[in-house]
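Architecture at a glance
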Amino acid sequence: MSETFYLTTPIYYINSVPHLGHAYTTIVADAMARYHRLAGDRVWLLTGTDEHGDKIAQAAAKAGVSPQALADRNSAAFREAWQRLGTTQDDFIRTTEERHRRVVQAILQKLWDAGEIYLGKYGGHYCFGCERFYTEKEIVDGKCPDHQTPLTFIEEENYFFKMSKYQSWLIDYITARPDLIRPERYRNEILGFLRDPLQDLSISRPKHRLQWGIPLPFDDKYVTYVWFDALINYFSALDWPDGERFKTFWPVAQHVIGKDILKPHAVYWPCMLKAAGIDIYQHLNVHGYWTLGGGKMSKSVGNVVEAFALSDKYGGDAFRYFVMREMTFGLDADFSEEAFVGRLNADLANDLGNLVARATTLIVNYQREAGPPAAAGPEEATIRESAATARRAVETAMQEFAFQRALAALWEFIGGINRYVDSNQPWALAKDPLQRPRLDRVLVTLADALGYLGVMLTAFLPDAAAKIRVAIGQTAAPRLADAEIGRLDRLPAVQKLSGLFPRVESKDKAAPADQPAAGRAASAPAAANPAAPAGPATIGDFRRIDLRVAEVIAAEALPKSKKLLKLTVSLGHEQRTILAGIAQHYAPADLVGKKVVVVANLEPAKLMGLESQGMVLAGSTDDDGALAVLVLDRDLPAGAKVR
Ligand code: ME8
């Protein structure tokens, strides 16, 4: 049954050039939209640029151009970036467009008429980088916690949205909907934040300080605060209130954002919608940060990865694969070119590329005109099953934005097909004329598996998937409903396809595009696929592991488990539950207050019905021997990186 699906990315600030963080969000949104299109859903994917505010006005003044001229130029850089990455948004909204301004002013007027906005005085510590005031609690050493720059004290008369009155409504709303904000850690963070009184939201800036914004319709001495302006893009682009698109897509709205903008999306935005009498979005999907050597990457911090150069160097599909496979959606991940090349070689060149080269070569070399294949046997039944299992796993993972799990499930399937080739040895079957029908069955199964991958990989590796489909003669548009093994009974016309993902020999030496995949020859007997290149760990391998200092806040024994303790730990800005297999070595009370070291970017695991969100490091002699949890030699704050 086809559904309707509406997804938005944040609209990006145009004072920065597009970088890896922006690329990640846009790529996952694109993969999600492609997946829904594959399923036959009616899809709308929106991205755009956020163009008002102090930063643009300042940068334009510095460059000696008008803010609009700068906005046009910088917004185009984002549009070009997405063209370069081949993402498939249906619309690109700019907050300087008339269609947007009109809706922002209409919403402001509506709230003003309803008495939801009032004029008041406000004094506070302001960060020009973030374009927001910080509360005393948030300020770190007198500085902006994000930019580490000094804050400016500003006092002025402003208009306020009566957000405080929605606090208990919002708590109830979030509490009643476990998957409104996901993954769960961000929902918990917001419910934690809402335990303190919610303030009203200043939604204006006086024009004498800032000109570059949408004027308030009821007082033109003020312009609209950027966040109030920006959030409204999500439905100004749908032509609120009477547009067909609004009616079709708003009821199923989902947003994808990074954790840096959780609060505006999880607190301001639902309150604004509620006050305006507009339905709340269905899901807010929140991902973590890409870091470089442990630090957040952003223009203001200065260490931007040139994502697009890497995408050009290694190919767009390889880049998409790496970012979606490497980052557990919701957690932080560290970027390194070594890790990228490692995955490219192991997963794409070896597992997938070699399979495609091997299978197409075997089919082309051994196919013949007549004769029905032997009946499918138990091994084919296993393949059919594993295809169905992977498809279901992808479906569940995609419902939860767990891209890494979707890809892991497909790679399980790919591993199974590689083992199927190894165990059936088509090159040996070909030597025995009596085995001909069996050989045909193996070849048909391989063609079937490629057809399945040509569909299932579409959302993740669109170019490679299209090449696979062409190689096995599929010309129709791919459909998820066709991703099934066992329907094919004769061989299609197949072309050899090698070099789908050329191996990269070292970090700086990209293989030329026409070099065929290295490794075993496609038709020769071969050992099972290596899972990853063997050899010593590199510094890149190590950096992929996010080790953090964690303070144990609570610890309790689990009645049903002899080994596990349930720990609640603080990583500074967030709390986690970790199940640690240390119950035979520590009493819960021994651990509370200790600072330990945890692996913070492990994929969460379910143990005894509970989710463990990390791993505590400990040394031990052997499995049952003495065990000692790692603690610090000197005090460090919870959340500090261990490297
Ligand atoms: O916040 N890792 O725009 P922005 C992962 N205009 N994702 C990252 C990232 C990183 N290191 N850095 C940026 C704004 N992102 C507002 C949004 S929406 C109504 C207004 C991604 O240009 C991530 O999606 O600062 C993050 O939320 C977004 O870029 C912030 O983009």
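A brief structural summary. Only a predicted model underlies this, so the values are computations on that prediction, with no experimental measurement involved. (Residues numbered from 1 in each chain as written. Predicted model: local features only at pLDDT ≥ 70, side-chain atom pairs only at ≥ 80, totals over all residues. Heavy atoms only, no water.)

Some points on the overall build of the protein
When helices and strands are tallied, the protein shows 20 helices and 26 strands. A compact globule built from 643 residues would reach a C-alpha radius of gyration of about 26 Å, and the protein, at 27 Å, matches this within 12%. The burial tally for the protein puts 54% of its 643 residues in the buried class. Approximately 27,800 Å² of the protein is accessible, and the part contributed by carbon and sulfur atoms is 52%. Taken together, the 74 basic and 77 acidic charged side chains of the protein have centroids lying 2 Å from each other. (Helix = DSSP H or I, 4+ residues; strand = E, 2+ residues; numbered from the N terminus. Rg over C-alpha atoms; globule rule 2.2 N^0.38 Å. Buried < 20%, exposed > 50% of the residue type's maximum accessible area, 1.4 Å probe, protein only. Areas by Shrake-Rupley, 256 points an atom, 1.4 Å probe, with all protein chains shown as cover. Lys, Arg positive; Asp, Glu negative; His and termini not counted. Charge placed at Lys NZ, Arg CZ, Asp CG, Glu CD.)

Here's the deal with the sheet that holds strand β11 (residues 219–224)
A sheet is described by the order of its strands in space; here three strands give the open sequence β9-β11-β10, paired in antiparallel fashion. Since the sheet does not close on itself, it has two edges, and those belong to β9 (204–206) and β10 (215–216), each with one partner. Here two bridges tie β10 to β11, and the two strands are oriented antiparallel to one another. Paired with Leu-216 across the strands is Asp-219, a residue of β11. (Pairing = 2+ DSSP bridges.)

Focus on the nonpolar core
By size, the foremost hydrophobic cluster in this structure holds 105 residues, and its most contacted members are Leu-352, Trp-411, Phe-413, Tyr-452, Phe-460 and Leu-461. With near-sequence residues (within four places) excluded, Leu-352 lies in contact with Asp-347, Trp-411, Ile-414, Leu-453, Leu-457, Leu-461 and Phe-501. With 65 residues, the next largest nonpolar core counts Ile-190, Leu-201, Tyr-225 and Trp-227 among its residues. (Core = buried A, V, L, I, M, F, W, Y, C linked by side-chain atoms within 4.5 Å. Contact = heavy atoms within 4.5 Å.)

A few points about the packing of aromatic side chains
Counted by the stated rule, this structure contains 40 aromatic pairs. Taken together, a centroid distance of 5.9 Å and an interplanar angle of 70° make the contact between Trp-290 and Phe-335 edge-to-face. You can see Trp-290 sitting in strand β14 (residues 290–292) and its partner Phe-335 sitting in the loop between β16 (333–334) and α13 (337–366), a full 45 residues away along the chain. The interplanar angle of 90° and the centroid separation of 5.4 Å between the aromatic rings of Phe-322 and Phe-335 together place this pair among those described as edge-to-face. Remark: Phe-335 occurs in the loop between β16 and α13 and Phe-322 occurs in helix α12 (residues 316–326); sequence separation between them is 13 residues. Exposure remark for Phe-322: the relative accessible area of 1% places this residue in the buried category. Taken together, Tyr-6, Trp-44, Tyr-234, Phe-235, Trp-240, Phe-246, Phe-249, Trp-250 and Trp-269 form an aromatic cluster joined through their ring pairs. Its end group placed over the ring of Tyr-13, Lys-55 keeps NZ or CZ at 4.5 Å from the ring centre. When the ring centre of Phe-92 is taken as reference, the NZ or CZ atom of Arg-79 above it lies at 4.4 Å. (Phe/Tyr/Trp six-rings, centres within 6.5 Å; stacked < 30°, edge-to-face > 60°. Lys NZ or Arg CZ within 6 Å of the ring centre and 35° of its normal.)

Some words on the pairing of β11
The sheet contact formed by β9 and β11 spans three bridges and is antiparallel. Each residue of the ladder has a partner; that of Arg-205, found in β11, is Val-223.

Here's the deal with the site of the ligand
Surrounding the ligand, one finds 23 residues, the nearest of these being Ile-11, Thr-25, Asp-50, Asp-260 and Trp-290. In this structure, an oxygen atom belonging to the ligand sits 2.7 Å away from a side-chain N or O atom of Thr-25. In the model, an oxygen atom of the ligand is placed 2.8 Å from a nitrogen or oxygen of the Asp-260 side chain. Ranked by the residues each element gives to the shell around the ligand, the list is headed by strand β1 (residues 4–13), at four residues. Counted by class, the shell around the ligand contains twelve nonpolar, nine polar and two charged residues. (Near = heavy atom within 4 Å. Polar contact = N/O pair within 3.5 Å; in protein donor to acceptor, adjacent residues only side chain to side chain. Nonpolar A, V, L, I, M, F, W, Y, C, P; charged D, E, K, R; others polar.)

Side note on the pattern of salt bridges
Going through the model one piece at a time under the given rule, you end up with 35 salt bridges. We note a salt bridge from Arg-368 to Asp-440, for which the minimum N-O separation is 2.5 Å. Residue Arg-368 is found in the loop between α13 and α14 (378–399), and its partner Asp-440 is found in helix α17 (residues 436–456); the two are separated by 72 residues along the sequence. The exposure class of Asp-440 is buried, given its relative accessible area of 6%. The closest approach of N and O atoms between Asp-482 and Arg-479, which form a salt bridge, is 3.1 Å. Of the residues examined, Asp-482 reaches a relative accessible area of 32% and is grouped as partly exposed. Exposure remark for Arg-479: the relative accessible area of 46% places this residue in the partly exposed category. A single salt-bridge network, built from bridges that share partners, covers Arg-479, Asp-482, Glu-484 and Arg-487. (Salt bridge = Lys/Arg side-chain N within 4 Å of Asp/Glu carboxyl O.)

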